[in-house]
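Survey of secondary and tertiary structure
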Amino acid sequence: MQFELTEEFLEKVKDAIDGQNDIFLKQSFDEMYAEDIIPILYELDSHRQKHILNLLDSETVGRIITNIDEDIRLQLFKEFAPIEIARFINEIYSDDAADILNTLPIKSREEIIAHIEDKEMAANVSELLRYDDDCAGGLMAKELIIANINWNVKQTIEEIRRQAENVEKLYTIYVVDDNEVLVGRLSLKKIILANDKTKISELYEDDIHAVETYTDAEEVGELMQKYDLESIPVVNVQGKLVGRITIDDAVDVLKESAAEDINAMTGISAPVEEDDTVWKLSKARLPWLIIGMFGGLLGAAFMGLFEANLVLVPAMAFFIPLITATGGNVGVQSSSLIVQSLANNDGLEESNLKRLWRVALVALFNGLVICTIVFVFVMIIGHPPKLGLVVASALFCVVLLASILGTITPLILDKIGINPALASGPFITTANDLLGLAVYFGMAHLLYQM
């Protein structure tokens, strides 16, 4: 049954902590998952958080500190001595341990590593700390199952039993040669069915996907997503097996990438969360708001150039929001499709010319439908046919141009190394507002001068 935190239970927990009623606390938390305890900790101060963690086993605390919010974890660590933190770190995967220690000052980091009882774990964490977070080396864990190509099945099974003590999830057995160079993978099914004396060299598969330690983290996530991999081995420049990346870490990378794209599409220039400081939130949102403001000022100045047309036909002003909104919507639709395609590596074999041709055909159809509806509507509400022709013609041109601009812009940004998701946000909206106004007043000037 899924746990649901209530105010009543939270008050009981607070009262139990303050009253040193550890029996109630142990009975309550022994039946709960680490993921259910985390929301409770969020509602408590650091002193009460420490009291709860002291009652839990190290394995549960390890899962909690792995998944808890970074700011809360940093605050919580101030309540514990390095030797206590080391005990928790000893219960988690080396990659998670490295991620956690990377958020701490260097002195605290080294003190904690010095107190880790498992010296192999300490060495693994120290090695992982050398890598940047945004590469395969920073994502990988050192815990994995390795078999030598020259072993037989009996030797391999004995080694699996020994090595599996430190591996919670066994996805694949990696096969290496005598120099620890990765040569392939081995399925559990083949080991179970094979004779004890059969050599691994006769059973392993050399068709294996691997990444180098310096491979970009986002590229790793995309590779695992593309080939539906549960884990992927990591090798160094000599081809030696140094670790593995599991699907949960790849998913985290893809989620972060998606969040960055969403922020870019909405005009937020830096990763922020709702509970960040006012200054941090404002700094992330202001740049594109200011760009949009200048775009609006340019639009107003541009409209001033056609003041005579507005004086001559005041009804033209009624349709300005229609022109700008339609252009913005069409541009965002077109750019979003391209951004999604680029993110998923879909259709990359298709030529840009073919892309533009299809976009143009769709825009022609959509433009004809929209401009026909608008022309009929203008006639129904009693405006002159010439105004209806101006609005309809302008809308048709805006739909066509905005579709092409929305397609070309993300492709260009991607080519020059800028996040193409920017093309789906304020950038394309502002550009299409100006484009729409130019087309609208240009069309009006042309038709009313005829």
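Residues numbered from 1 in each chain as written. Predicted model: local features only at pLDDT ≥ 70, side-chain atom pairs only at ≥ 80, totals over all residues. Heavy atoms only, no water.

So, about the overall build of the protein chain. Tallying secondary structure elements over the protein chain gives 21 helices and six strands in all. Looking at the 450 residues of the protein chain, the share that counts as buried comes to 43%. (Helix = DSSP H or I, 4+ residues; strand = E, 2+ residues; numbered from the N terminus. Buried < 20%, exposed > 50% of the residue type's maximum accessible area, 1.4 Å probe, protein only.)

With that settled, consider the sheet that holds strand β6 (residues 241-246). Ordered by their spatial adjacency, three strands build an open sheet running β4-β5-β6, and the pairing between neighbours is mixed. Strands at the two margins of the open sheet, each flanked by one partner only, are β4 (211-212) and β6. The pairing of β4 with strand β5 (residues 231-235) spans two bridges and is parallel. Residue pairing across strands places V211 opposite V234, the latter belonging to β5. In the packing of helix α14 (residues 217-226) onto the sheet, contacts are made with β4, β5 and β6, and the angle to β5 comes to roughly 135°. (Pairing = 2+ DSSP bridges. Contact = heavy atoms within 4.5 Å. Axes fitted to C-alpha atoms, helices over the stretch in contact; angles between N-to-C directions.)

For V125, the location among the structural elements is in helix α10 (residues 119-128). Since its relative accessible area comes to 0%, V125 is described here as buried. The contacts of V125, once residues within four sequence positions are left out, are S94, A97, A98, L101 and I113.

Caution applies to low-pLDDT regions: their predicted coordinates should not be interpreted in detail. Summarising the model, the protein chain shows a mean pLDDT of 83, and 88% of its residues fall at 70 or more. Model confidence for the protein chain, summarised as mean pLDDT per element, is weakest for helix α17 (residues 307-312) at 66 and strongest for β4 at 95. (pLDDT = per-residue confidence, 0-100.)

The subject of this paragraph is the nonpolar core. By size, the foremost hydrophobic cluster in this structure holds 58 residues, and its most contacted members are V13, F29, I64, I89 and I245. Those residues in contact with I64, other than ones at most four positions away along the chain, are A34, I37, I38, L41, L53 and L56. If you look at the next biggest cluster of nonpolar residues, it comprises 20 residues, including F319, L387, A394 and L437. (Core = buried A, V, L, I, M, F, W, Y, C linked by side-chain atoms within 4.5 Å.)

Side chains of L286, L289, I290, M293, F294 and L297 sit close together on the surface and give an oily, nonpolar patch of about 580 Å² of accessible area. Within the secondary structure, F294 is located in helix α16 (residues 278-305). (Patch = residues over 30% accessible without salt bridge, like charges linked within 9 Å, V, L, I, M, F, W, Y side chains within 5 Å. Areas by Shrake-Rupley, 256 points an atom, 1.4 Å probe, with all protein chains shown as cover. Salt bridge = Lys/Arg side-chain N within 4 Å of Asp/Glu carboxyl O.)

Right, let's get into the environment of D18. With respect to the helices, strands and loops of the structure, D18 is situated in helix α1 (residues 7-18). A C-alpha to C-alpha distance of 9.6 Å links D18 and H51, two positions 33 residues apart in sequence. Here the side chain of D18 touches R48 through a polar contact of 2.7 Å, side chain to side chain. (Polar contact = N/O pair within 3.5 Å; in protein donor to acceptor, adjacent residues only side chain to side chain.)

A few words now on the sheet that holds strand β1 (residues 145-148). Spatially, the three strands line up as an open sheet ordered β1-β2-β3, and their pairing is mixed. Among the strands making up the open sheet, the edge pair consists of β1 and β3 (182-186). With strand direction ignored, the average angle separating the axes of adjacent strands in the sheet is 35°. Strand direction decides the pairing type here: β1 and strand β2 (residues 173-176), joined by four bridges, are parallel. Pairing of A147 across the sheet is with V175, part of β2.

Three or four residues apart is the spacing at which side chains of an α-helix point the same way, because the helix has 3.6 residues per turn. In this model, α1 (twelve residues) spans 17 Å end to end at C-alpha, consistent with the 16 Å of a helix rising 1.5 Å per residue. Taken residue by residue, α1 has F9, L10, V13, K14, A16 and I17 as its buried positions. When α1 is viewed along its axis, its buried side chains cluster within an angular range of 165° and face the same direction. Looking at α1, the residues exposed on the side facing more than 90 degrees away from the buried face are E7, E8 and D15. Of the residues one or two after α1, Q20 is the one with positive phi, at around 55°. (Expected span 1.5 Å × (residues − 1). Arc of directions from axis to C-beta.)

The next thing to look at is α10. Turning to α10, its buried residues number three or more, namely M121, A122, N124, V125 and L128. Along the axis of α10, the buried positions cluster into a sector of 165°, meaning they face one direction only. In α10, the exposed residues that point more than 90 degrees away from the buried face are K119 and E120. As for α10, its buried residues are in contact with α7 (82-89), α8 (94-101), α9 (106-114) and α11 (136-139).

So, on to unusual backbone geometry. Positive phi is not limited to glycine here, since E180 has a value of about 70°. Take E180: it is sitting in the loop between β2 and β3.

Two measures define how a pair of helices packs: the angle their axes make with one another and the distance between the axes. In contact at an axis separation of 9 Å, α8 and α10 are set at 55° when each is read in the N-to-C sense. What the angle tells us is that α8 and α10 run oblique. As α8 packs across α10, the resulting crossing turns out to be right-handed. Here S94, D95, A97, A98 and L101 of α8 lie close against α10, whose contacting residues are M121, N124, V125 and L128. Taken together, the residues of the contact of α8 with α10 break down into six nonpolar, two polar and one charged. (Parallel < 35°, antiparallel > 145°, perpendicular 65-115°, else oblique. Left-handed = near helix turned anticlockwise from the far one by under 90°. Nonpolar A, V, L, I, M, F, W, Y, C, P; charged D, E, K, R; others polar.)

The buried fraction of β6 is high, at six of six residues. Between the antiparallel neighbours β5 and β6 lie five residues, among them G239 with a positive phi of about 85°.

A complete count under the given rule lists eight salt bridges for this structure. A salt bridge links E59 to R63; its shortest N-O distance comes to 3.6 Å. Here E59 and its partner R63 are both found in helix α5 (residues 58-67), four residues apart, which amounts to about one turn of the helix. By relative accessible area, E59 is classed as partly exposed at 45%. E127 serves as the salt-bridge partner of K142, at 3.1 Å between the closest nitrogen and oxygen. Of this pair, K142 sits in the loop between α11 and β1 while E127 sits in helix α10, placing them 15 residues apart in sequence. Taking relative accessible area as the criterion, K142 reaches 16% and is therefore assigned buried.

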